[in-house]
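# A look at the structure
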Amino acid sequence: MDFANRNSGWPGTLAAHLDRVTLWSGAAAALLFLPLVIVTVWEVIARKILGVPTTWTFELGYMLTGTYFLLGGAVTLMRGEHVRIDLVYSQFGPRGQAVIDLVFLAVLFLPFCVLISHALFDYMAEAFASGRTTGKSAWNPPAWPFRAIMFASFVLLALQVVAKILHAVAVLTTKERAR
Amino acid sequence: MMELLPVLMFVCLFVLIFCGVQVALALMVSGFVFGLIEFDFNLRPILFQFTQKIDETASNFVLAAVPLFVFMGAVLERSGIAEQLFRAVQLWTGRLPGGLAVGTILMSIIFAASTGVVGATEAVIGLLAIPPMLRQGYDKSLISGTICAGGSLGTIIPPSVVVIILGPVADVSIGDLMVGMIVPGSILALLYLVYVVGVAVVQPHKAPRPDPSLADSMPLIDKLWISLKALIPPLLMICAVLGTIIAGVAAPTEAAAIGAVAAVVLAGFYRTLSLTMLKDAGWRTLIVTAMIMFVLLGGSMFTVAFGSVGGITQLRGVLGDLDVSPAVMLAIFLGIVFVAGFFLEWISIILIFIPIFMPFVRDAGFDPVWFCMLILLIVQTSYLTPPLAPAIFYLRGIAPPEMTLTDMYRGVVPFLVLQAICLAIMAAFPGLATWLPGVLLGF
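Below, the structure is looked at part by part.

## Overview of a nonpolar patch on the surface
Residues and elements named next belong to chain A. A cluster of nonpolar side chains, namely W42, I49, L50, V52, W56 and W139, defines an oily patch on the protein surface of about 620 Å² accessible area. One can find W42 in helix 2 (residues 33-49). For W42, a relative accessible area of 36% puts it in the partly exposed group.

## A closer look at the pattern of salt bridges
Summed over the entire model, instances satisfying the criterion amount to nine salt bridges over all chains. A salt bridge links R47 of chain A to E43 of chain A; its shortest N-O distance comes to 3.3 Å. Linking R47 of chain A with E43 of chain A, this pair stays in helix 2, spanning four residues, or about one helical turn. Residue class for R47 of chain A comes out partly exposed when judged on its relative accessible area of 27%. On the accessibility criterion, E43 of chain A (12% relative accessible area) is buried. With its nearest N and O atoms 3.2 Å apart, the salt bridge here joins D280 of chain B to R78 of chain B. Separated by 202 residues along the polypeptide, D280 of chain B in helix 14 (residues 275-308) and R78 of chain B in the loop between helix 4 (65-77) and helix 5 (81-93) bring together distant segments of the chain. For R78 of chain B, a relative accessible area of 23% translates into the label partly exposed. Through salt bridges with shared partners, one network takes in E43 and R47 of chain A together with E254 of chain B.

## Brief notes about helix 5 (residues 94-130) of chain A
A rise of 1.5 Å per residue sets the reference length of helix 5 of chain A, with its 37 residues, at 54 Å; its end C-alpha atoms lie 50 Å apart and thus fit the reference within 8%. Of the residues flanking the end of helix 5 of chain A, it is G131 of chain A, one or two places downstream, whose phi is positive at about 65 degrees.

## So, unusual backbone geometry
Residues and elements named next belong to chain B. In this chain, P158 is followed by P159 through a cis amide linkage whose omega measures -5 degrees. In this fold, P159 is placed in the loop between helix 8 (140-152) and helix 9 (161-170). Phi is positive for D40, close to 50 degrees, though the residue is something other than glycine. Inspection of the secondary structure puts D40 in the loop between helix 2 (23-38) and helix 3 (43-58). On the basis of relative accessible area, D40 is assigned to the exposed category, the value being 63%. Despite not being glycine, R271 shows a phi value in the positive range, around 55 degrees. Of note, R271 is situated in the loop between helix 13 (252-269) and helix 14.

## Some thoughts on the side chain of D407 of chain B
All names here are of chain B. Turning to its location among the elements, D407 is positioned in helix 20 (residues 405-428). Of the side chains with opposite charge, R410 lies nearest to the buried D407, which makes no salt bridge, at 4.6 Å. Of the polar contacts made by the side chain of D407, one reaches the backbone nitrogen of T404; its length is 3.0 Å.

## Remarks on the interface of chain B and chain A
How big an interface is tends to be stated in terms of accessible area lost as the parts join. Tallying the contact residues gives 57 residues for chain B and 53 residues for chain A. Counting each side, the surface lost to burial between chain B and chain A is near 5000 Å², with a carbon and sulfur contribution of 80%. One salt bridge in this structure joins E81 of chain A and R284 of chain B, with 3.3 Å as the shortest N-O distance. Applying the counting rule to chain B against chain A returns six residue pairs in polar contact (both at pLDDT 80 or more).

## Digging into helix 18 (residues 368-382) of chain B
With 15 residues, helix 18 of chain B extends 21 Å from end C-alpha to end C-alpha; this agrees with the ideal 21 Å at 1.5 Å per step. The buried count for helix 18 of chain B comes to 15 of 15 residues, which makes it a mostly enclosed element.

## Points about the packing of helix 12 (residues 220-246) of chain B against helix 13 of chain B
In a packed pair of helices, the relevant descriptors are the angle between the two axes and the axis-to-axis distance. Residue and element names in this part refer to chain B. It is the contact of helix 12 with helix 13, at a shortest axis distance of 8 Å, that shows an interaxial angle of 165 degrees. With respect to each other, helix 12 and helix 13 are oriented roughly antiparallel. Judged by the twist between their axes, the crossing of helix 12 over helix 13 is right-handed. In this structure, helix 12 uses K229, P233, P234, M237, A240, V241, T244 and I245 to contact helix 13, whose residues at the interface are P252, A255, I258, G259, A262, A263, L266 and F269. Residues of the contact of helix 12 with helix 13, tallied by class, amount to 13 nonpolar, two polar and one charged.

Conventions and cut-offs
- Residues numbered from 1 in each chain as written.
- Chains lettered and ligands numbered in written order.
- Predicted model: local features only at pLDDT ≥ 70, side-chain atom pairs only at ≥ 80, totals over all residues.
- Heavy atoms only, no water.
- Patch = residues over 30% accessible without salt bridge, like charges linked within 9 Å, V, L, I, M, F, W, Y side chains within 5 Å.
- Areas by Shrake-Rupley, 256 points an atom, 1.4 Å probe, with all protein chains shown as cover.
- Salt bridge = Lys/Arg side-chain N within 4 Å of Asp/Glu carboxyl O.
- Helix = DSSP H or I, 4+ residues; strand = E, 2+ residues; numbered from the N terminus.
- Buried < 20%, exposed > 50% of the residue type's maximum accessible area, 1.4 Å probe, protein only.
- Expected span 1.5 Å × (residues − 1).
- Lys, Arg positive; Asp, Glu negative; His and termini not counted.
- Polar contact = N/O pair within 3.5 Å; in protein donor to acceptor, adjacent residues only side chain to side chain.
- Contact = heavy atoms within 4.5 Å.
- Buried area = accessible area lost by both parts, 1.4 Å probe.
- Axes fitted to C-alpha atoms, helices over the stretch in contact; angles between N-to-C directions.
- Parallel < 35°, antiparallel > 145°, perpendicular 65-115°, else oblique.
- Left-handed = near helix turned anticlockwise from the far one by under 90°.
- Nonpolar A, V, L, I, M, F, W, Y, C, P; charged D, E, K, R; others polar.

Shown next, in the form of structure tokens:
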């Protein structure tokens with residue numbers, strides 16, 4: 001997306017590649033909206049008009065919702081749309097903002113993402129090995145696929161965090177060169 | 001030493017937020033770091049708690065209502081329905097004192113009842129209503145106040161995305177809240193209308209009447225036809241969404257799905273449906289949903305860690321030792337939320353404070369639905385209170401340069417007074433919040 005950073009060498013190039021991954025995962029998430037509407041409306045029709053409540057819409061519904069917003073997290077970060085209170089932040093120039101982003105993301109948030117991804121991988125592996133099912137409805141599907149999505153979402157988020165860090169580095173280095 | 005942790009945790013959160021770190025990420029990280037300290041830097045327990053929270057939040061089907069309502073609003077914004085409504089409403093209110101402002105507020109009410117979100121609605125209304133009001137010589141503060149207040153009605157007039165988040169956090173049924181909002185929402189809207197007409201009568205220079213020589217000569221039958229064409233489709237949609245909730249046919253999630261489908265049908269009716277428009281609305285929906293849900297996720301992580309470091313027990317102790325009457329306690333709670341509204345946006349306010357307040361509210365014997373109504377009114381007020389007044393930010397994004405920030409700040413002040421009046425009415429008569437859900441949903 002942000003091709004302005006092309007001039008700043010490999011960090012900019014790598015960041016652009018990562019941004020593309022984020023964009024595709026976001027597009028995939030956005031498309032999940034359609035099945036979500038269909039599943040939800042179908043449940044109303046099945047229950048109220050056909051008189052046969054389904055067994056699977058509830059679980060499929062929450063899985064679609066969860067996947068939708070978890071996968072959407074990375075693209076929201078990329079576009080800078082996670083809410084921030086910018087009373088102070090907006091007073092800094094692009095360089096100052098890059099420093100804040102860089103320090104927070106590299107020192108605090110990236111390690112957090114890596115650790116939580118690791119924990120989610122174990123969480124998935126445990127469900128896979130034990131053959132655990134969700135146990136939330138009569139459908140009762142295996143639990144691991146949805147956990148795999150949680151894991152994948154945080155990995156994708158971590159990759160976008162790396163991209164953001166690289167963008168911040170690019171901003172800082174480009175400016176220095178210009179001076 | 002350990003008693004300091006909960007306090008430090010909040011300090012750390014606020015420092016991060018004020019440096020401009022994304023709220024969702026600040027919540028996650030400060031929860032994580034302090035959880036880690038509490039468990040002697042043993043990663044396992046805090047990571048276990050957080051994985052559970054991710055699973056819980058992602059497995060909550062009620063939350064599907066968020067993207068569905070957001071999508072409904074995103075499609076409606078782009079459907080051209082606003083132009084139709086504005087035109088139709090003007091036909092009837094044009095010659096009233098303050099007619100343009102009255103029309104703007106009426107349009108805001110209809111729009112608020114057909115979408116669940118605030119920001120974009122305000123932009124749509126503002127873009128339509130500001131130019132004619134300026135042309136007719138309206139006072140700029142009055143214009144700003146009308147747009148900001150009207151735009152913020154989406155919070156307090158059902159359906160509202162705020163309620164979908166608030167309900168589960170406060171452990172109150174979303175259906176009860178949706179129905180309970182109808183009375184306070186109407187009172188507030190009525191107050192706005194009375195105020196605008198009042199200003200126009202007392203200070204006519206602030207809201208000049210249109211030139212009588214330009215009086216429209218449109219036959220009544222044409223007026224009726226235009227109005228019907230503009231009003232019937234949104235009213236049908238409002239009935240479809242709210243009606244299914246009230247009649248108990250569908251859960252809020254399902255009503256939201258019906259609303260999403262209805263919005264698309266409506267756009268088809270106004271011939272504005274296109275692939276580009278749907279793609280646009282689809283992206284917007286994803287971004288807004290992820291934004292809301294990540295704060296929700298971060299908030300639940302922060303709360304569970306806050307519990308681990310003993311913050312909740314400690315806070316209960318402090319509040320329990322206060323030894324004040326329940327009414328004073330309530331006033332303190334509302335005051336805290338009001339002050340927090342200066343600096344935080346609504347999701348953070350709800351996620352941080354409601355879980356702490358709710359047990360006290362229940363213990364004191366207050367009706368939880370009523371308490372939630374008061375909170376909603378304050379949350380809606382926080383849209384209008386500087387320095388962090390989202391309503392003013394949105395307005396600044398669309399207003400022509402001759403409307404200054406001072407006009408905007410001055411413009412919201414009278415509406416803040418109206419908020420206070422409405423809050424006082426609701427606080428004095430809890431029945432206003434609980435009566436309608438009792439009648440319609442029979443709990």
